[in-house]
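Structural description and commentary
Given next are the chains, with one letter for each unit.
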Amino acid sequence: MDSDSHIYGLLGRIHVLMRRTLNRITDVEYMRINADYTREILRIAMGTESTELHELCAKLRVAMELDGPAPAAPKEKTFTFGLGGRKDPPPEEGDERYIGTLR
Amino acid sequence: MTSSSLLHRCSRFVVRALLMSALQISGLSSAYAQAAEPPAVAAATEPAAAAAVMAPAATAPEGKPQPRLDTGNTAWMLTSSALVLLMTLPGVALFYGGMVRKKNVLSMCAQIFVCGVLVTVTWTLLGYSLAFRPGSGFIGGLDRLLLSGLTPDGLAGTDGANIPESVFWMFQLTFAIITTALIPGAMAERMKFSALCWFAVLWSIFVYAPIAHWVWEPGGWLATMGALDFAGGTVVHVNAGVAGLVCALVMGRRRGFGREPMSPHNLVLTMIGAGLLWVGWFGFNAGSAVAANATAGMAMLVTQIATAFAALAWMCVEWMVRGRPSALGIVSGAVAGLVAITPASGFVSPMAAVFIGAVSGVVCYLGATTLKRRFGYDDSLDVFGIHGIGGAVGAFLTGVFGVSDPTMIGAQVLTQMAAIGAAALYSAVATFLLLVIINSMTGLRVDEEAEREGLDRLEHGEHIE
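In this section: the overall build of chain B. When helices and strands are counted, chain B shows 15 helices and 2 strands. Relative to its 465 residues, chain B shows a buried fraction of 56%. Taking the contacts inside chain B whose residues are at least 6 apart along the sequence as the reference set, 76% of them involve residues at least 24 apart.

Another aspect to go through is the overall build of chain A. Tallying secondary structure elements over chain A gives 4 helices and 2 strands in all. Moving toward the C terminus, one meets the helices and strands of chain A in the order α-α-α-α-β-β. Across the 103 residues that make up chain A, the buried fraction comes to 24%.

Once that is clear, we can look at the interface of chain B and chain A. Tallying the contact residues gives 29 residues for chain B and 21 residues for chain A. Listing elements by their share of the side of chain B that touches chain A, those giving two or more residues are α9 (294-322), α10 (327-341), α11 (350-375) and α14 (448-453) of chain B. It is α11 of chain B that provides the largest number of residues to the side of chain B that touches chain A, a total of 4 residues. Here the side of chain B that touches chain A is composed, by residue class, of 11 nonpolar, 8 polar and 10 charged.

To continue, consider the nonpolar core. Within the largest apolar cluster, 149 residues are counted, with the highest numbers of intra-cluster contacts made by Tyr-96, Val-215 and Ala-310 of chain B. Ranked by residue count, the leading element in this core is helix α5 (residues 193-216) of chain B, at 16 residues. When residues no more than four places from it in sequence are discounted, the contact partners of Tyr-96 of chain B are Met-108, Ile-112, Gly-185, Ala-188 and Leu-381 of chain B. One finds Leu-42, Leu-56, Cys-57 and Leu-60 of chain A within the second-largest nonpolar core, a separate group that totals 15 residues.

Now for the environment of Asp-70 of chain B. Assignment of secondary structure puts Asp-70 of chain B in the loop between α1 (3-34) and α2 (71-97). With sequence-adjacent residues up to four places away left out, Asp-70 of chain B is seen in contact with Ala-161, Asn-162 and Ile-163 of chain B.

To continue, consider α11 of chain B. All names here are of chain B. Taking 1.5 Å of rise per residue, 26 residues should cover 38 Å, and α11 covers 36 Å from first to last C-alpha, within 8% of that figure. By the largest-angle criterion, Gly-367 marks the main kink of α11, which is about 35°. A positive backbone phi angle near 75° is found at Gly-376, which sits one or two residues after α11.

Another point: unusual backbone geometry. Residue and element names in this part refer to chain B. The residue after Leu-89, namely Pro-90, is reached through a cis peptide bond having omega 15°. Tracing the backbone through its elements, the reader meets Pro-90 in helix α2. Positive phi outside glycine occurs at Leu-147, with the angle close to 65°. The exposure class assigned to Leu-147 is partly exposed, which follows from the 19 C-beta atoms found within 10 Å. Positive phi values are uncommon outside glycine, yet Asn-162 reaches one of about 55°. Of note, Asn-162 is situated in the loop between β1 (155-156) and β2 (163-164). On the basis of neighbour counts, which here come to 23 C-beta atoms within 10 Å, the residue Asn-162 falls in the buried class.

Here the focus is the confidence of the model for chain A. Residues at a pLDDT of 70 or more form 73% of chain A, whose mean pLDDT is 77. For the stretch residues 76-89 of chain A, pLDDT sits under 50, and the model shows 16 contacts to residues farther than four places along the chain or on other chains.

Let us now look at the environment of Ala-186 of chain B. All names here are of chain B. Mapped onto the fold, Ala-186 is located in the loop between α4 (165-182) and α5. Along the primary structure Ala-186 and Gly-226 are separated by 40 residues, whereas in three dimensions their C-alpha atoms are 31 Å apart. Once residues lying within four places of it in the same chain are set aside, the contact partners of Ala-186 are Gly-244, Leu-245, Cys-247, Ala-248, Asp-379, Ser-380, Leu-381, Val-383 and Phe-384.

What follows deals with the confidence of the model for chain B. All names here are of chain B. The predicted model of chain B averages 89 in pLDDT, with 86% of residues at 70 or higher. Below a pLDDT of 50 lies the segment residues 21-51, which in the model reaches 56 contacts outside its immediate sequence neighbourhood of four places, other chains included. Within the model, pLDDT remains below 50 along residues 55-59, and this stretch shows 12 contacts once partners closer than five positions in the same chain are excluded. Overall fold confidence (pTM) sits at 0.78, and the ipTM for the predicted complex is 0.75.

Next up on the list: the packing of helix α8 (residues 267-285) of chain B against α10 of chain B. Each pair of packed helices can be summarised by the angle the axes make with each other and by the distance between the axes. Residue and element names in this part refer to chain B. One can describe the packing of α8 onto α10 by two numbers: an axis separation of 10 Å at closest approach and a directional angle of 15°. Looking at the two axes, α8 sits roughly parallel to α10. As for the relative orientation of α8 and α10, their crossing is left-handed in sense. Mapping the contact onto sequence places Leu-267, Thr-270, Met-271, Ala-274, Leu-277, Trp-278, Trp-281 and Asn-285 in α8 and Ala-327, Leu-328, Val-331, Ala-334, Val-335, Leu-338 and Ile-341 in α10.

For the rest of this paragraph, the subject is α5 of chain B. Spacing of three or four residues puts side chains on the same side of an α-helix, whose turn is 3.6 residues. Of all the bends in α5 of chain B, the greatest measures close to 40° and is centred on Trp-203 of chain B. Counting buried residues along α5 of chain B, 19 of its 24 residues qualify, which places the element largely inside the surrounding structure.

Next up on the list: the environment of Val-16 of chain A. Within the secondary structure, Val-16 of chain A is located in helix α1 (residues 4-22). It is 8.9 Å that separates the C-alpha atoms of Val-16 of chain A and Thr-26 of chain A, two residues lying 10 residues apart in sequence. Filtering out sequence-adjacent residues up to four positions away, Val-16 of chain A remains in contact with Glu-449 and Glu-453 of chain B.

What follows is about the packing of α2 of chain B against α4 of chain B. Residues and elements named next belong to chain B. Their axes nearest at 9 Å, the elements α2 and α4 cross at an angle of 20°. Between α2 and α4, the angle falls in the class roughly parallel. In the crossing of α2 with α4, the sense of the turn from one axis to the other is left-handed. Mapping the contact onto sequence places Thr-74, Met-77, Leu-78, Ser-80, Ser-81, Val-84, Leu-85, Met-87, Thr-88 and Val-92 in α2 and Val-167, Met-170, Phe-171, Thr-174, Phe-175, Ile-177, Ile-178, Ala-181 and Leu-182 in α4.

Rules and cut-offs
Residues numbered from 1 in each chain as written. Chains lettered and ligands numbered in written order. Predicted model: local features only at pLDDT ≥ 70, side-chain atom pairs only at ≥ 80, totals over all residues. Helix = DSSP H or I, 4+ residues; strand = E, 2+ residues; numbered from the N terminus. Buried ≥ 20, exposed ≤ 12 C-beta atoms within 10 Å, placed from the backbone. Contact = placed C-beta atoms within 7 Å. Nonpolar A, V, L, I, M, F, W, Y, C, P; charged D, E, K, R; others polar. Core = buried A, V, L, I, M, F, W, Y, C linked by C-beta atoms within 7 Å. Expected span 1.5 Å × (residues − 1). Bend = angle between axes of the 7 residues up to and from the residue. pLDDT = per-residue confidence, 0-100. Axes fitted to C-alpha atoms, helices over the stretch in contact; angles between N-to-C directions. Parallel < 35°, antiparallel > 145°, perpendicular 65-115°, else oblique. Left-handed = near helix turned anticlockwise from the far one by under 90°.

Okay, structure coming up:
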């Protein structure tokens, strides 16, 4: 699943376009946590003629794994070299390292 | 005061300013005509620690050789001015632009660019006069209002440098621009563009110009006290860092800060920006000698050394603490070293630069990570953590390493601390007041929808894919 910031970005843009095209208000926070609600909103959105909205829906489906999780990539064995010599790789931090801090 | 009446007053001021400048065009035209005559000269001034504007040729005392324009110094200062502008456009724009989320990168770059535009306007109208013309100890005079009296044959600079005042004006303008342009990094991804425009205009006049006058104009009260600040540790970095912290506190955190990751969108841009900053900083520090001389050469050397040691120190600390060195950490360490050596660059030895660089790398790492987490403020791009803290460390250590007589170190350190404290206090209070005023005029912060959608789309109608 993609990072929260990416998903919230998509949800926000869908929220704006839904309001513009259908005058319909969506609950962004609830969409983030409830897949059924999100699927229903996407179904409504796909009924519009907005190609931008369609593209965003497709991206959100992938980002939130609404059609099931993507196959996991094979894990490579990697090594890093700390000042103390060879170490086991540190735990993957991903985007979580940017929560509340940049550096 | 309502925003409409304020706007009305501002428009009246602008119209009046344009009329005055139109009246001056005839005067300037005749001045440029005179420039075709044999090279202009200016009177020598008393020795001054800081860059000072010299008296016009007409006031040269009899019997004293009249100084002539120094072409070598002038060539170097022209180059330095371009280098320092390069630090902001595109240096800071890229450095900051790479660290924000993708939906805000154009907004960030636009904010930096418009700082360059607006500060040039305020510097032309009155900023230069308030900062670098003799006046009281607290503020300069108004004799260069709208650049009145700035002629091609006027010389400026430290005693004996003899560069045109126009070049001195341009060099100092680039400092005003970059100082103002550093601050938007602290309130990135949430400030209204209109509010930022007002902030750049007002801050450059009411905060930057007075502090520059205190420290760099020979009659300024901190200069008189003996405060050392070769290229702007206090005037530029402490000032911008503290202002950034106040802005971050007043604006509040970004939505989702501390709960969701706010990943930098393209750190390659940040690396390029940091590279431009490093190169441009030679104009910043070596250019602050206001001459092509030995001081400039040593300033360039210590700048390089301190930067490398700071980057190395940050990298090592991060490697030890987190198990791997980040690219952003290495460039952040380099910027921390550049910041810290800035006030000391004209005064210290290479070994002192090693120490200043290493200390600043470690302290700024703590400032941008531990300190920020401890207090929970959302200084988006660590303006305070790097510029505020790095500037204060550099200014303090200038008192330790910047004096030749060891018995004077204690007194000099106290003077440095007073200068840091005065600049920080004034910057904090004045910035806060300006934010209150701007908030009543336009509001400071974008609405929730704009923040979620991204400032690029809703503030500028653009976006990148």
